[in-house]
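Descriptive structure summary
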Amino acid sequence: VQLQASGGGLVQTGGSLRLSCAASGLTFSSYVMSWFRQGPGKEREFVAGITRNGINTYYAESLKGRLTISRDNAKNTVDLQMNLLKPEDTAVYYCAADFRVGAAVQANFRSYDYWGQGTQVTVSS
């Protein structure tokens, strides 16, 4: 199983980035997919998640309104559109896959089976 995250970079405050995660080696539509992030000296935190069929999405409360998560089960990809970025959004962003049968989106990173390598997002002030 491989999850390959991309799309990070350096952006100014107020800018936008679109992260993408390409999955291989798994039945993608069987997995809840989420994005987490980990800033310098901080714990890994939930950012956004999407159910298997892509109908339901969930966001960290503090990030609602600035993010959109989406998935394409035909292409085995999950994207995260981030707008109005702030310096405090600076972190490594990880995509993750959760296979638990009947599972809803979980904010606990320990619930996830597979992780991508992370992509760095840096927001300058």
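Below: a short report on this structure.

Rules used throughout
Residues numbered from 1 in each chain as written. Predicted model: local features only at pLDDT ≥ 70, side-chain atom pairs only at ≥ 80, totals over all residues. Heavy atoms only, no water. Helix = DSSP H or I, 4+ residues; strand = E, 2+ residues; numbered from the N terminus. Rg over C-alpha atoms; globule rule 2.2 N^0.38 Å. Buried < 20%, exposed > 50% of the residue type's maximum accessible area, 1.4 Å probe, protein only. Areas by Shrake-Rupley, 256 points an atom, 1.4 Å probe, with all protein chains shown as cover. Lys, Arg positive; Asp, Glu negative; His and termini not counted. Charge placed at Lys NZ, Arg CZ, Asp CG, Glu CD. Core = buried A, V, L, I, M, F, W, Y, C linked by side-chain atoms within 4.5 Å. Salt bridge = Lys/Arg side-chain N within 4 Å of Asp/Glu carboxyl O. Disulfide = S-S within 2.5 Å.

Let's talk about the overall build of the chain
Looking only at helices and strands, one finds zero helices and 11 strands in the chain. In summary, the chain has a C-alpha radius of gyration of 13 Å against a globular reference of 14 Å for 125 residues, a match within 12%. Once the C-alpha set of the chain is aligned to its principal axes, its extents read approximately 40 × 25 × 25 Å. Buried positions account for 45% of the 125 residues belonging to the chain. Element-wise, carbon and sulfur atoms account for 48% of the exposed surface of the chain, whose accessible area totals about 6300 Å². Computing the positive centroid from 12 side-chain charges and the negative centroid from 9, the chain places the two 1 Å apart.

Describing the nonpolar core
One broad rule of soluble globular proteins: the nonpolar side chains tend to lie buried together. In this structure, W35, L80, M82 and Y93 are the most contacted members of the largest nonpolar core, which totals 36 residues. Among the secondary structure elements, those contributing two or more residues to this core are β1 (2-6), β3 (17-24), β4 (32-38), β5 (45-50), β7 (67-72), β8 (77-82), β9 (91-98) and β11 (119-124). At five residues, the largest contribution of residues to this core is made by β9.

Considering the pattern of salt bridges
Considering all chains together, one arrives at six salt bridges under this definition. A salt bridge links R37 to E45; the shortest N-O distance between them is 2.6 Å. Judged by its relative accessible area of 34%, E45 is partly exposed. The residue R100 makes a salt bridge to D98 at a minimum N-O spacing of 2.7 Å. What makes R100 partly exposed here is its relative accessible area of 35%. D98 gets classed as buried once you look at its relative accessible area, which sits at 0%. Bridged by salt links that share partners, the residues R37, E45, R66 and D89 form one connected network.

Remarks on the state of the cysteines
Taken as a whole and assessed by the stated rule, the structure comprises one disulfide. Each sulfur of the disulfide joining C21 and C95 lies 2.1 Å from the other. Across the disulfide from C21 to C95, rotation about the S-S bond amounts to roughly 60 degrees, and the bridge is consequently right-handed. Taken together, the residues span a long stretch of sequence, with C21 in strand β3 and C95 in strand β9 at a distance of 74 residues. Each of the two residues, C21 as well as C95, counts as buried.

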